[in-house]
Amino acid sequence: ITLQRFFGCKRRSHPPTQAEIQERLMFLVENMKEGNEARSDLTLYPEIQGYGLLDFAKYEEISEVGYRAALPRLKDWLQGETSGARLTREVVEMAKDTKASPPTINEVEYGGRLRYAKW
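Quantities reported herein were computed from a predicted structural model and do not represent experimental measurements.

**Looking at the confidence of the model for the chain**
- For the chain, the average pLDDT comes to 81, and 82% of its residues sit at 70 or higher.
- The element-level mean pLDDT for the chain is lowest in helix H1 (residues 2–7), coming to 56, with helix H3 (residues 59–78) highest at 93.

Quick look at the structure:
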């Protein structure tokens with residue numbers, strides 16, 4: 001939850017739209033020119049070879065495969081001494097110290113975004 005608030009990280013509950021897929025594919029070639037390791041502290045390669053580009057119906061299963069592959073790697077990375085890991089640990093500790101904010105009127109009346117979206 002903390003990383004969701006500070007960095008917008010979260011597990012998607014719906015598959016990407018066609019526009020999102022087209023945008024990603026458009027920039028894929030440009031991004032592949034530079035190695036992933038040069039731009040990141042941690043690179044994950046989950047075992048998704050058995051899934052096709054158009055396997056939209058399996059998005060929950062693919063997401064779970066990625067989550068299970070990422071969790072132990074992230075735990076190891078967070079215990080490391082890279083600047084990114086140190087900063088992330090600081091953010092997590094700061095979030096632990098903050099008090100939970102009172103619910104918004106939307107959360108009180110409609111149950112928040114997730115419940116409202118199911119109407």
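**A word on the pattern of salt bridges**
- Tallied over the entire structure, the rule returns four salt bridges.
- Between glutamate 81 and arginine 89 there is a salt bridge, with the nearest N and O atoms lying 3.7 Å from each other.
- On the accessibility criterion, arginine 89 (27% relative accessible area) is partly exposed.
- Through salt bridges with shared partners, a single ionic network connects Glu81, Arg86 and Arg89.

**Considering the environment of threonine 43**
- Within the secondary structure, threonine 43 sits in the loop between helix H2 (18–32) and H3.
- For threonine 43, a relative accessible area of 16% corresponds to the buried category.
- Of the polar contacts made by the side chain of threonine 43, one reaches the side chain of serine 40; its length is 2.9 Å.

Calculation rules
- Residues numbered from 1 in each chain as written.
- Predicted model: local features only at pLDDT ≥ 70, side-chain atom pairs only at ≥ 80, totals over all residues.
- Heavy atoms only, no water.
- pLDDT = per-residue confidence, 0-100.
- Helix = DSSP H or I, 4+ residues; strand = E, 2+ residues; numbered from the N terminus.
- Salt bridge = Lys/Arg side-chain N within 4 Å of Asp/Glu carboxyl O.
- Buried < 20%, exposed > 50% of the residue type's maximum accessible area, 1.4 Å probe, protein only.
- Polar contact = N/O pair within 3.5 Å; in protein donor to acceptor, adjacent residues only side chain to side chain.

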